[in-house]
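# Summary of the model geometry
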Amino acid sequence: MHPALTDLIAARPVPLDTWRSWWDRLEGAAQGPARDSDRAQAAALLASLATRLPDTATLAALTTSLTERSPDPGPAHPGSANIVGTGGGPATFNLSTAAALTAASMGVPVVKTGSRAYTSAAGSIDLLERLGITLTSSHTETADHLARHNIAFAGPHVYPPALTRLARLLYPLTLKPFGRFLNALGPFLATAPVTAQLTGVSATAPLTALRDLTARTGTHGSGRQVWLAHNTEGADELLPFADNTLHTPHTTIHLPAGSLAPDTGTLADLAPHPGDLTGHFLDALAGRAGRAATHTIALNAAALAIASGRHTHWPTAHATALAALADGAPRALAQRLRTPGKTATALTAARTTTAGDKAVAGV
């Protein structure tokens, strides 16, 4: 049994060198037929991580051991931002994706990472497939999309290749049973070339551990500043009718309910619409999904504008986001990004990835 697994089971710290040894062994196992013993150890390790979160030093070492194996994304695009959540909170429609498109229409360069649904009706990748919006397949393609559209939806290439090898080793077992843990850690594993990242932390995610992790791992040398956001409703987005807190590398920002937007509305106003996923989403991008939805999207887009440095005053950023939604600019941007004739079925057929790639896509 590998020391990484025995230490986790015994609740002992797992140092960086041990994690490196674990991934080296996994890479070796991937070169030939999967052995039952390797598959069993991989499943046991993930189960241990998902059952009981390890100490912060172990979590930081795990994160570093993965991100150091990812391809270098190159320098961050100036003034760019990403918005991503940990998932697991109250069910809402794809607010972070809507905020990303709104911020991009305001002039903020956005590289958006995301995932398939683990605990929600549809993750951002599921929605984008339904819309016919293609994910980028390399850092070069991401830069090209950003130059042409001011936004890029990054594909699995931003995540450590070791996770794909892990998924292939586990096949036919999928990573879904470990989705909550992977969702919580996922925002810190993506090598998106941005200067700022707004990470929504739901009530089911370990906020204290993630704050410590951010402090320990820093920006992975990319110049990225990570902002963590949470609120009294337990959602992984900023909400106008909740008390919100943002932890930045330098300060803590409080946005009480009603401080920027009307505090009317409830989580029911933000509920997902699985029967009309794309129609409702496009309506929301034009400010036609209700007042609470419009102000929620605007609030999160404003946070991206502030984090990126595009704006320095919250009321101005929020008003600019509302104006973009009223003008329908985010919806128009989404329509321009759609690939003609690519339905969800066509996109899935076109992406002939392996079972392991599908399992880990957008962790």
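The model shown is predicted, which means the values in this text are computed figures rather than measured ones.

Let's shift gears to the overall build of the protein chain. Each helix and strand in the protein chain was counted, giving 16 helices and seven strands. For the protein chain, with 363 residues in total, the buried portion stands at 53%. Element-wise, carbon and sulfur atoms account for 54% of the exposed surface of the protein chain, whose accessible area totals about 14200 Å².

The subject of this paragraph is the nonpolar core. Soluble globular proteins: nonpolar side chains tend toward being buried together. In this structure, Leu101, Ile151, Leu246 and Trp314 are the most contacted members of the largest nonpolar core, which totals 60 residues. Among the elements that line this core, the one with the most residues is helix H12 (residues 291-308), at eleven residues. Setting aside residues no more than four positions away along its own chain, Ile151 makes contact with Ala100, Leu101, Ala104, Val110, His145, Leu146, Leu333 and Leu337. By size, the runner-up hydrophobic cluster in this structure holds 44 residues, among which are Trp19, Leu59, Phe188 and Ala205.

Here we come to the side chain of His311. Checked against the element boundaries, His311 lands in the loop between H12 and helix H13 (314-327). With a relative accessible area of 16%, His311 lands in the buried category. The contacts of His311, once residues within four sequence positions are left out, are Met106, Ala305, Ile306, Thr316, Ala317 and Thr320.

Before going further, it helps to spend a moment on the packing of aromatic side chains. Scanning the model with the defined rule gives one aromatic pair in all. A ring pair is formed by Trp22 and Trp23, whose centres lie 6.4 Å apart and whose planes are at 75°; its orientation type is edge-to-face. The burial state of Trp22 is the same as that of Trp23; both residues are buried.

So, on to the pattern of salt bridges. For side chains of opposite charge, pairing can occur when their charged atoms come near one another. As enumerated under the stated definition, the model contains ten salt bridges in all. We note a salt bridge from Arg20 to Asp17, for which the minimum N-O separation is 3.3 Å. With Arg20 and Asp17 both in helix H2 (residues 16-29) and three residues apart, the pair spans about one turn of that helix. Take Arg20: its relative accessible area is 29%, and that puts it in the partly exposed class.

All right, on to the pairing of strand E1 (residues 81-85) then. Each regular strand carries side chains that alternate between the two faces of the sheet. Across the five residues that make up E1, a large majority, four, are buried. Sheet analysis places E1 next to strand E4 (residues 196-200), joined by five bridges and oriented parallel. Note that in E4 the partner of Ile83 across the bridge is Leu198.

Okay, helix H7 (residues 139-149) next. Buried within H7 we find His139, Thr142, His145 and Leu146. Around the axis of H7, the buried residues are gathered within 115° of arc, so they sit on the same side. Every exposed residue of H7 that faces more than 90 degrees away from the buried side is listed here: Thr140, Ala147 and Arg148. On the buried face of H7, the contacting elements are strand E2 (110-112) and strand E3 (151-153). Remark: Asn150 follows H7 within two positions and exhibits a positive phi of approximately 70°.

Criteria and thresholds
- Residues numbered from 1 in each chain as written.
- Predicted model: local features only at pLDDT ≥ 70, side-chain atom pairs only at ≥ 80, totals over all residues.
- Heavy atoms only, no water.
- Helix = DSSP H or I, 4+ residues; strand = E, 2+ residues; numbered from the N terminus.
- Buried < 20%, exposed > 50% of the residue type's maximum accessible area, 1.4 Å probe, protein only.
- Areas by Shrake-Rupley, 256 points an atom, 1.4 Å probe, with all protein chains shown as cover.
- Core = buried A, V, L, I, M, F, W, Y, C linked by side-chain atoms within 4.5 Å.
- Contact = heavy atoms within 4.5 Å.
- Phe/Tyr/Trp six-rings, centres within 6.5 Å; stacked < 30°, edge-to-face > 60°.
- Salt bridge = Lys/Arg side-chain N within 4 Å of Asp/Glu carboxyl O.
- Pairing = 2+ DSSP bridges.
- Arc of directions from axis to C-beta.

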